[in-house]
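Descriptive analysis of the structure
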Amino acid sequence: MHLKRRWVAAVALFALVGLLASCGGGNDNQQAGGSAADKVEVFSWWTGGGEAKGLEAMIADFKKNNPNIQFVNAAVAGGSGTNAKAVLASRLQANQPPDSFQGHAGAELMDYIKAGQLEPLDSLYDQLKLRDAFPQQLIDQITFEGHVYSVPVNIHRANVLWFSPKVLKEAGIAKPPATIQEFITDLKQVKDKTGKIPLSLGAQWTAAHLLDAVMLGDLGVDGWNALWKQGADWKSPQVTRALGDYNTILQYTNTEAASTDWQLAAKDVVDGKAAFNIMGDWAAGYFKELGKTPKVDYDWAASPGTDGAYQWLSDSFTLPKGAPHRDAAIAWLTEAASRQGQDLFNPQKGSIPARKDADTGLYKDYLAWALEQWQSGKLAGSMWHGVTANNAWHTNIDTSVGLFLKNKDVANFQKSLVDAATSGLAQ
Ligand code: GAL
């Protein structure tokens, strides 16, 4: 009897704690149910080194606009979401979605949509008049069967060649290379004349990012875009040539950096340790955070062979089905969609706004160039950052790159890319 009373008391206490948590009294780690607007858990991979600043600026504005909603930042470290995407996949699998998560516009987002993991956002788009706010080509990449599924917060450029004016001068290179062949010549020249790192590289994903840029440089926009559509020819001599060039370029990279992320590789350029780095323009946000001076500590150009091409990607936020705090998630999406939110976020992040009506005066130096290039450039999607290949195809390419970095067998590499494309296009 005594024992039973204790058991009843324990159950009652448990129920009370549960009730308090769902009323907003829980801490950040508790999973509360319902659609309460008391807190919002936002999932991304922006944790630091140029990644977090922009997010923090948008969070501050969100808190000002929503003083009653607690913001839970569920960012998982690791450039380009390598770790975050795995964590997210297991949460979605277990039906424990965050309230909103970062996903790339294009094929990556389509995966989530087709798996039935996202709610459409048509009414939010109508309410906030977002169909007019974003460029049509971007809306197309987040729309499936007539419904729109995410809120794009930015447009990043992947094909940027960052370089150290000092190291180039030391190597006797007057201007950045305009073609892949010029690039190879310059890399050799840096190596021979300065002994510095010709092209800095970081974790394996940065090598996959480099592959995107080299292939675009050799194949051109039309050739690149054709690789992701039915009828794509990955066996072509043009692809063989691009992969051969990629192999040559890799010989000028620093292999000891493979255990670091993109930040340290980019930092080699602004520290005058490396001549070149090919990285997306989140590097501009990082250089700003480091207090580096554009055109002095670093300069930029289209990655070799890609002048006039914008290899784009876009970070967007979603509303997962079963989001524990749906109303708060809508409040977050409203912030992410707003002109104010985007103008606070992007100048720090190193991206241009997804909205067409942003305050262009806020986008200076590299970003002024990016804005102008976005208007005039020909669009090519980024493979590594989710535009052209879905998650399965992306994983297969990643595996092929990993193997190639070890064995440097170009023929085998091409064969595995052909196989990856065959199954990728069949889905
Ligand atoms: C990209 C993402 C960018 C940036 C980058 C490096 O995939 O879209 O916003 O975070 O990874 O982590």
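Here's what I pulled together on the structure shown here. All values derive from a computational prediction rather than experimental measurement. (Residues numbered from 1 in each chain as written. Predicted model: local features only at pLDDT ≥ 70, side-chain atom pairs only at ≥ 80, totals over all residues. Heavy atoms only, no water.)

1. A closer look at the sheet that holds strand β6 (residues 150-152)
We count it as follows: DSSP calls a pair of strands paired once it identifies at least 2 bridges connecting them. Strands here mean DSSP runs of E at least two residues long; helices mean DSSP runs of H or I at least four residues long; both are numbered from the N terminus. Fitted lines through C-alpha atoms give the axes, limited to the stretch in contact for helices. The angle between two N-to-C directions lies from 0 to 180 degrees.
Ordered by their spatial adjacency, five strands build an open sheet running β2-β1-β3-β13-β6, and the pairing between neighbours is mixed. Taken across any chain shown, the strands that pair with only one partner, and hence form the sheet edges, are β2 (70-73) and β6. Each strand of the sheet is rotated relative to its neighbour by a mean of 30°, with strand direction disregarded. Note: strand β3 (residues 100-104) against strand β13 (residues 315-318), three bridges, orientation antiparallel.

2. Some words on the site of the ligand
Convention followed: To be near a molecule or strand, a residue needs just one of its heavy atoms within 4 Å of it. Polar contact criterion, stated in full: a pair of N or O atoms within 3.5 Å, where within protein one must be able to donate a hydrogen and the other to accept it, and residues adjacent in sequence count only if both atoms are side-chain atoms. Throughout, the Shrake-Rupley method with a 1.4 Å probe supplies accessible areas, and for residues the shown protein chains are the sole cover considered.
Around the ligand, the structure places 13 residues, and the nearest of them are E51, H104, D315, K349 and H385. Separating an oxygen atom of the ligand from a side-chain N or O atom of W46 is a distance of 2.9 Å. In isolation the ligand exposes 300 Å². Once the protein is present, 100% of that is buried.

3. Remarks on the sheet that holds strand β12 (residues 309-313)
Spelled out, the test is: Residue contacts follow a heavy-atom distance rule, with two residues in contact if any of their heavy atoms lie within 4.5 Å.
Spatial strand order, β14-β7-β12-β15: four strands in an open sheet with mixed pairing. Edge positions in the sheet fall to β14 (352-353) and β15 (378-381), since each has one partner strand and no second. The sheet contact formed by β12 and β15 spans four bridges and is parallel. Paired with Y310 across the strands is L379, a residue of β15. Its contacts with the sheet place helix α10 (residues 204-226) against β12 and β15, and it is angled at close to 120° to β15.

4. Digging into the pairing of strand β7 (residues 154-157)
Condition: Each residue gets one of three labels from its accessible area relative to the maximum for its type: buried under 20%, exposed over 50%, partly exposed in between, using a 1.4 Å probe on protein chains only.
Residues N154 and H156 point to one face of β7 and I155 and R157 to the other, with burial holding for every one of them. Sheet topology places β7 next to β14; two bridges connect them, and they run antiparallel. When the sheet's bridge partners are listed, N154 is paired in β14 with P353. Bridge analysis of β7 against β12 gives two bridges, and the strand direction is antiparallel. Bridging from a neighbouring strand, R157 pairs with W312 of β12.

5. Focus on the side chain of H394
Of note, H394 is situated in helix α17 (residues 391-407). Setting aside its immediate chain neighbours within four residues, H394 contacts K85, M383, W384 and A389.

6. Focus on the packing of aromatic side chains
Here a ring pair, both rings aromatic, is described through the centre-centre distance and the interplanar angle of the planes. We apply this condition: Here a Phe, Tyr or Trp ring, Trp counted by its six-membered ring, pairs with any other such ring whose centre lies within 6.5 Å, and the pair is stacked when the planes are under 30 degrees apart, edge-to-face when over 60, and tilted otherwise.
All chains considered together, the criterion is met by 26 aromatic pairs. Taking 5.9 Å as the distance between ring centres and 80° as the angle between the ring planes, the aromatic pair formed by W46 and F317 counts as edge-to-face. Within this pair, whereas W46 is found in the loop between β1 (39-43) and α2 (52-65), its partner F317 is found in strand β13, the two being separated by 271 residues in sequence. By the burial criterion, W46 is buried, and F317 matches it.

7. What about the environment of L109?
Take L109: it is sitting in helix α4 (residues 107-114). For L109, a relative accessible area of 0% translates into the label buried. L109 sits 277 residues away from G386 along the chain, and the two C-alpha atoms are 7.7 Å apart. If near-sequence neighbours (up to four positions away) are discounted, L109 is found in contact with H104, L118, Q141, I142, Y149, S150, S316 and T318.

8. Looking at unusual backbone geometry
The backbone phi angle of D365 is positive, close to 50°, even though this residue is not glycine. Inspection of the secondary structure puts D365 in the loop between β14 and α16 (366-376). With a phi close to 50°, K408 is a non-glycine residue in the positive phi region. Topologically, K408 is positioned in the loop between α17 and α18 (410-426).

9. A word on the packing of helix α11 (residues 237-250) against α18
Put simply, the rule is: Note on angle classes: values under 35 degrees are labelled roughly parallel, values over 145 roughly antiparallel, values of 65 to 115 roughly perpendicular, and the remainder oblique. Should the near helix be turned anticlockwise from the far one by less than a right angle, the crossing is termed left-handed; should it be turned clockwise, right-handed.
Following both chains from N to C, one finds α11 and α18 inclined at 125°, their axes separated by 10 Å at the closest point. On the basis of their axis angle, the class for α11 and α18 is oblique. Pair α11 / α18 crosses with right-handed handedness. Together, V239, T240, L243, G244, Y246 and N247 of α11 and V410, F413, Q414 and L417 of α18 make up the contact between the two elements.

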